[in-house]
Amino acid sequence: MIFIAIVLGCIIGALIGINAPIIPYTYSGYLAIAIIAALDSVFGGIASTLKKNFDLKIFVSGFFGNAILSILLTYLGQRLNVDIYLAAIVVFVGRMFNNLAIIRRYYLEKFVKYRKIQKEKIVEYEGKNQSENAQKKEIKK
Amino acid sequence: MKKKQIAITLGIMCFILTIALCIQIKTMNEASSAASRTLADNDLRDQVLKWKEKYDNIYNTLKEKQKKLEEVRTEATQNDTLASAKEEQLKKNNIILGLTDVRGDGIIIEVADGNPESFLATINPSNVLVHYNDLLNLVNELNNAGAEAIEINGQRIVNTSSITCEGTVIKVNGEKIGSPFVIKAIGSQGLLYGSITRAGSYIELIKDEGVQTNVIKEDDIYIEKYKGVLNYEYLKPISKK
């Protein structure tokens, strides 16, 4: 369900984005840092959904708050001639990798569990067959 | 219910995110294709783009303001006969100064660099090129024949115009232009055509040197206004006593 919603949102967004007008080059730096912040928030949201401690308020405020804050920081950095946006990128991308690790582990565990259950089923089935064969042999005797 | 809410929010967020991503990618594509080939330095490219943007914005606002001024002027002179006479005079003066778009019958001269592998070019390659003094001479001949408005590659010739040589390019009104040159002139068609193509005229001279030339009569030529600003700081009229 969540996966379908994400894919649907991405497709519609891409369709509109392709037809959207381009922004002035001056502001593209700010948009880039906002995109990184938003990407971090989305991955955080997915990870927290998997961990089952998702909070809508925290997620929405984080999405917009982080984006706006990072834009303001970038602007401040430009005024002061310090590349503050580098710090923002390091933090966001670092968190992004953390969240990706959580997502990866969740699905890996699920997969391993699934394989285990399947193996057990096969073993059970074979065991049954063997016992049945043994019974048949006894009857023949 | 809660899961549905989560799904919808995540979907909306992804929607916003992808829109922003697409816009950003498109912007970067546009920016890199426009200027990155010749200017390797990132900072320089940034600055050039910024200045270009600023220039475009300011030019647009100037256009808007001029339109507004025109509107205000027409409004103010609607009910006043004296003012409307002044308005007529102002319009006429603007046409003379080259500050309005004009149209009329005239001729079009096309001059272009000749074939660099032709026989004439092997003698002296400089001969087949169009130089700034060629344009100057042509403009002089046109003015001499009574041209009322002249334009070279979109640059209107007004009384402050300059035609200069800047190494490999020619600058008219401070804007770079290159071959082929299209010179439009409004005036008496017969007079202009006759004086430009007469035997021994300047265009005949450069044609013999290997420059490609073409002169045609054209009805209803459209000539754009002068894009710069005419500033007079030191001029003062003398009042007669």
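Since the structure is predicted, the reported quantities are computational estimates derived from the model, not experimental observations. (Residues numbered from 1 in each chain as written. Chains lettered and ligands numbered in written order. Predicted model: local features only at pLDDT ≥ 70, side-chain atom pairs only at ≥ 80, totals over all residues. Heavy atoms only, no water.)

K.L.:
Outline the overall build of chain B, listing residues and values.
P.N.:
Within chain B, the secondary structure is distributed over seven helices and eight strands. Overall, chain B is about 90 × 65 × 40 Å in size when its C-alpha atoms are taken along their principal axes. Split into buried and exposed, the 241 residues of chain B put 32% on the buried side. Considering only contacts in chain B between residues 6 or more positions apart, those separated by 24 or more positions represent 74%. Surface accessibility of chain B: about 16,000 Å² in total, with carbon and sulfur atoms responsible for 54%. Distance from the positive charge centre (30 side chains) to the negative charge centre (32 side chains) of chain B: 10 Å. (Helix = DSSP H or I, 4+ residues; strand = E, 2+ residues; numbered from the N terminus. Buried < 20%, exposed > 50% of the residue type's maximum accessible area, 1.4 Å probe, protein only. Contact = heavy atoms within 4.5 Å. Areas by Shrake-Rupley, 256 points an atom, 1.4 Å probe, with all protein chains shown as cover. Lys, Arg positive; Asp, Glu negative; His and termini not counted. Charge placed at Lys NZ, Arg CZ, Asp CG, Glu CD.)

K.L.:
Please give an account of the packing of aromatic side chains that cites residues and values.
P.N.:
This model, assessed by the stated rule, comprises four aromatic pairs over all chains. For the pair phenylalanine 54 of chain A and phenylalanine 59 of chain A, a centre-to-centre distance of 5.4 Å together with 50° between the ring planes defines the contact as tilted. Residues phenylalanine 54 of chain A and phenylalanine 59 of chain A agree in their burial class; the two are buried. Ring geometry for tyrosine 106 of chain A versus tyrosine 107 of chain A: centroids 5.2 Å apart, planes at 90°, classification edge-to-face. We note lysine 54 of chain B situated over the ring of tryptophan 51 of chain B; from NZ or CZ to the ring centre the distance is 4.6 Å. In this arrangement the basic side chain of lysine 217 of chain B is found over the ring face of tyrosine 193 of chain B, its NZ or CZ atom lying 5.1 Å from the centre. (Phe/Tyr/Trp six-rings, centres within 6.5 Å; stacked < 30°, edge-to-face > 60°. Lys NZ or Arg CZ within 6 Å of the ring centre and 35° of its normal.)

K.L.:
Lay out the nonpolar core with the relevant residues and their values.
P.N.:
Residues and elements named next belong to chain B. By size, the foremost hydrophobic cluster in this structure holds 27 residues, and its most contacted members are Val111, Leu135, Leu142 and Ile183. Sorting the residues of this core by element identifies β1 (102-112), α5 (132-144), β2 (149-152), β5 (169-172), β7 (181-186), α6 (189-197) and α7 (202-209) as the ones contributing at least two each. With four residues, the top contributor of residues to this core is α5. Excluding residues within four positions of it along the chain, leucine 142 makes contact with Ile107, Ile109, Ala147, Ile150, Ile183, Ala185, Leu192 and Ile196. (Core = buried A, V, L, I, M, F, W, Y, C linked by side-chain atoms within 4.5 Å.)

K.L.:
So what's going on with the domain arrangement of chain B? Residues and values would help.
P.N.:
Each assigned domain of chain B is listed with its residue range as follows: domain 1 (45-72) and domain 2 (103-223). Relative to domain 2 of chain B, the C-alpha centre of domain 1 of chain B lies at a distance of 30 Å. (Domains from an automatic or database assignment.)

K.L.:
Give me the lowdown on a nonpolar patch on the surface, citing residues and values where you can.
P.N.:
Nonpolar side chains collect at one region of the surface, where Phe64, Ile68 and Leu72 of chain A together with Ile8, Ile12 and Ile16 of chain B lie side by side and expose about 540 Å² of accessible area between them. Every element with two or more residues in the nonpolar patch is listed here: α3 (56-80) of chain A together with α1 (2-35) of chain B. Locating leucine 72 of chain A in the fold gives a position in helix α3. (Patch = residues over 30% accessible without salt bridge, like charges linked within 9 Å, V, L, I, M, F, W, Y side chains within 5 Å. Salt bridge = Lys/Arg side-chain N within 4 Å of Asp/Glu carboxyl O.)

K.L.:
Go over the packing of helix α2 (residues 42-76) of chain B against helix α3 (residues 81-97) of chain B with me, naming the residues and quoting the values.
P.N.:
Residue and element names in this part refer to chain B. Between α2 and α3, the least distance of the axes is 11 Å, while the angle of their chain directions is 150°. One element, α2, and the other, α3, form an angle in the roughly antiparallel class. Within the contact between the two elements, α2 uses Glu70, Arg73 and Thr74 and α3 uses Glu87, Leu90, Lys91 and Asn94. When its residues are assigned to classes, the contact of α2 with α3 shows one nonpolar, two polar and four charged. (Axes fitted to C-alpha atoms, helices over the stretch in contact; angles between N-to-C directions. Parallel < 35°, antiparallel > 145°, perpendicular 65-115°, else oblique. Nonpolar A, V, L, I, M, F, W, Y, C, P; charged D, E, K, R; others polar.)

K.L.:
A description of the packing of α5 of chain B against α7 of chain B should follow, citing residues and the corresponding values.
P.N.:
Residues and elements named next belong to chain B. Direction vectors running N to C along α5 and α7 enclose 155°, while the axes themselves pass 10 Å from each other. Regarding the angle of α5 to α7, the classification is roughly antiparallel. Contacts between α5 and α7 pair Asn133, Asp134, Asn137, Leu138 and Glu141 from the former with Tyr202, Ile203 and Ile206 from the latter. Broken down by class, the residue content of the contact of α5 with α7 amounts to four nonpolar, two polar and two charged.

K.L.:
Can you break down the interface of chain B and chain A residue by residue, with the values?
P.N.:
Listed by partner, the interface residues are 31 residues for chain B and 35 residues for chain A. Taken over both partners, the interface formed by chain B and chain A buries close to 3,000 Å², and the fraction arising from carbon and sulfur atoms is 80%. Three residues stand out in chain B for area buried against chain A, namely Leu10, Met13 and Leu17 of chain B, and they jointly supply 19% of the buried area on that side. Linking chain B with chain A are zero salt bridges, by the criterion used here. In this assembly, chain B and chain A are joined by three residue pairs in polar contact (both at pLDDT 80 or more). Elements supplying a minimum of two residues to the side of chain B that touches chain A: α1 and α2 of chain B. Broken down by element, the residue count for the side of chain B that touches chain A peaks at 26 residues, all from α1 of chain B. (Buried area = accessible area lost by both parts, 1.4 Å probe. Polar contact = N/O pair within 3.5 Å; in protein donor to acceptor, adjacent residues only side chain to side chain.)

K.L.:
Please set out the side chain of threonine 9 of chain B residue by residue, giving values where relevant.
P.N.:
Within the secondary structure, threonine 9 of chain B sits in helix α1. A polar atom in the side chain of threonine 9 of chain B sits 2.5 Å from the backbone oxygen of glutamine 5 of chain B. Sequence-distant contacts of threonine 9 of chain B, defined by excluding residues within four places in its chain, comprise Leu56, Phe59 and Val60 of chain A.

K.L.:
Can you explain the pattern of salt bridges? Please cite residues and give values.
P.N.:
Overall, the coordinates contain six salt bridges over all chains when judged by the stated rule. In this structure, aspartate 40 of chain A engages arginine 95 of chain A in a salt bridge whose closest nitrogen and oxygen atoms are separated by 2.5 Å. In this pair, aspartate 40 of chain A sits in helix α2 (residues 25-51) while arginine 95 of chain A sits in helix α4 (residues 84-140), placing the two residues 55 residues apart along the sequence. Since its relative accessible area comes to 1%, aspartate 40 of chain A is described here as buried. Here arginine 198 of chain B makes a salt bridge to glutamate 141 of chain B, at a shortest N to O gap of 3.8 Å. Placement of the pair is arginine 198 of chain B in the loop between α6 and α7 and glutamate 141 of chain B in helix α5, with a sequence separation of 57 residues. On the basis of relative accessible area, arginine 198 of chain B is assigned to the partly exposed category, the value being 40%.

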